[in-house]
Amino acid sequence: MQTTENPAQAVDQKTTTQSWRERASEELEKIIRLFSTTQLPDLCAKALINAPERPSSKWSFGNQILMLLTGTSDARGYRQWMDVARHVRQGSKAFYILGPVFVKKALDYTEPDGEEVDVLVGFKAIPVFRYEDTEGAELPAYKPRDPPPLLNVAERFGMRVNYLRLSAGVYGMTDYEQQVITLATPDWTVFFHELAHALHRSFEPKTRHNQEPEAEALAQLVAATLARIYRKPDDSFSWTYIATQASSATPREVGALCMRVLDRARRVLDLIYPASDAGR
Ligand SMILES: [Zn+2]
């Protein structure tokens, strides 16, 4: 049985033959290549999801994206996992994030005792491991005191619901690829809004949150309707989209738009309350 002082080397032989500097430039190239893909905005959106207790919440945006590329939303160093009573499974491979390397340089080289500044001279690769490659104690999860109704409907449509912190001003987000609704607030209406998007997509799969104003109007209408049904009326939703259209389109066009939104809202509500549930 082989033992070693450095667990990162034990699980990734490649690092022994490759300098940290080369490794870092490989990671930098990955970031650069992303700029020529359509995947980048999706990754940026996912990087807005944050859990304050995860060390990665303090990483640079670029490192968070390198992490998301490996298919996890929680990566930590070997010892950081041990600190939360989890350990890296044998045979797991590390991946690398980039730590900036600074050197002190004189602000004015003609003045030897003058002010010094930190200058970025490069990056070093830091090995970290995915949550999925660890085992041990469960990590604590935030649960709202008063969870919203209809969580079972989300489940019925294959969506998991998670509570995590999101970037300032963002309270709900749905990852359709991973089928996860992430909420950063106990506010029921935010869940209803994301649920409406998810159900809407079951019959119009191309629709996404914030990408189609008409779908926003629909999700807002469904969320406000559900809030009334569950006696938590919410006045925060707006008719901005419809109002904007009303000022530039003909009455017939606006009328047709309203009918479309109403029709789809009804279809979403029918999915939540199938005929067999009527009267419940
Ligand atoms: Zn939305």
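Heads up: these notes are all about the structure in this document.

Each value, and the rule that gives it
- Residues numbered from 1 in each chain as written.
- Predicted model: local features only at pLDDT ≥ 70, side-chain atom pairs only at ≥ 80, totals over all residues.
- Heavy atoms only, no water.
- Core = buried A, V, L, I, M, F, W, Y, C linked by side-chain atoms within 4.5 Å.
- Buried < 20%, exposed > 50% of the residue type's maximum accessible area, 1.4 Å probe, protein only.
- Helix = DSSP H or I, 4+ residues; strand = E, 2+ residues; numbered from the N terminus.
- Contact = heavy atoms within 4.5 Å.
- Phe/Tyr/Trp six-rings, centres within 6.5 Å; stacked < 30°, edge-to-face > 60°.
- Lys NZ or Arg CZ within 6 Å of the ring centre and 35° of its normal.
- Pairing = 2+ DSSP bridges.
- Axes fitted to C-alpha atoms, helices over the stretch in contact; angles between N-to-C directions.

For soluble globular proteins, nonpolar side chains are generally found buried alongside one another. With 31 residues, the main nonpolar core has Leu150, Phe191, Leu195, Val222 and Ile272 as its most contacted residues. Mapped onto this core, the elements with two or more residues apiece are helix H7 (151-156), strand E10 (180-183), helix H8 (188-203), helix H9 (213-229) and helix H11 (251-272). A total of 9 residues in this core trace back to one element, the largest contributor, which is H8. Apart from the residues lying within four places of it in its own chain, the contact partners of Val222 are Ala196, Ala265, Val268 and Leu269.

Another point: the environment of Asn50. Within the secondary structure, Asn50 sits in strand E1 (residues 49-50). Along the chain, Asn50 and Leu166 lie 116 residues apart, while their C-alpha atoms are 5.3 Å from each other. Residues contacting Asn50, with those up to four places away along its chain left out, are Ser57, Gln64, Leu164, Arg165 and Leu166.

Going through the model one piece at a time under the given rule, you end up with 5 aromatic pairs. Between Tyr78 and Phe129, the ring centres sit 6.0 Å apart and the planes meet at 70°, which makes this aromatic pair edge-to-face. Of this pair, Tyr78 sits in helix H6 (residues 78-83) while Phe129 sits in strand E5 (residues 116-130); the two residues are 51 residues apart in sequence, bridging distant segments of the chain. Here Tyr78 falls in the partly exposed class, since its relative accessible area comes to 28%. Taking the centre distance of 6.1 Å and the plane angle of 50° together, the rings of Phe191 and Phe192 count as tilted. Summarising the burial analysis for this pair, Phe191 and Phe192 share the class buried. Site record: aromatic cluster; members linked through ring pairs are Trp188, Phe191, Phe192 and Tyr230. A cation over a ring is seen here: Arg201 above Tyr176, with NZ or CZ 3.8 Å from the ring centre. Lying over the aromatic face of Phe203, Arg267 brings its terminal NZ or CZ to 4.0 Å of the ring centre.

Moving on: the sheet that holds E5. Spatially, E2-E5-E4 is the arrangement adopted by the 3 strands of the open sheet, whose pairing is antiparallel. Bordering the open sheet on either side are strand E2 (75-76) and strand E4 (95-106), each of which pairs with just one other strand. Across 12 bridges, E4 lies against E5 in antiparallel orientation. Of the residues in E5, the one forming a bridge with Gly99 is Lys124. Against the sheet, helix H3 (residues 20-34) makes contact with E4 and E5, and its axis sits at roughly 85° relative to E5, the strand it touches most. The strands touched by helix H5 (residues 61-69) within the sheet are E2 and E4, with E4 carrying the most contacts at an inclination of about 160°.

What follows deals with H5. Because each turn of an α-helix spans 3.6 residues, side chains separated by three or four positions end up pointing in the same direction. For H5, the set of buried residues is Asn63, Gln64, Ile65, Leu66, Met67 and Leu68. Each element contacted by the buried residues of H5 is listed here: H3, helix H4 (39-47), E1, E2 and E4. Gly71 sits one or two residues past H5 and shows a positive phi near 85°.

A regular strand carries its side chains on alternate faces of the sheet. Here strand E9 (residues 172-175) shows two buried faces, one formed by Gly172 and Thr174 and the other by Met173 and Asp175. Across 4 bridges, the pairing between E9 and E10 is antiparallel. Across the sheet, residue Thr174 finds its bridge partner in E10, namely Ile181. Adjacent in sequence and paired antiparallel, E9 and E10 are bridged by 4 residues, among which Gln179 carries a positive phi angle near 55°.

Turning our attention to the side chain of Glu27. Among the secondary structure elements, Glu27 is positioned in helix H3. Leaving out residues up to four positions away in the same chain, Glu27 has contacts with Leu66, Tyr96 and Leu98.

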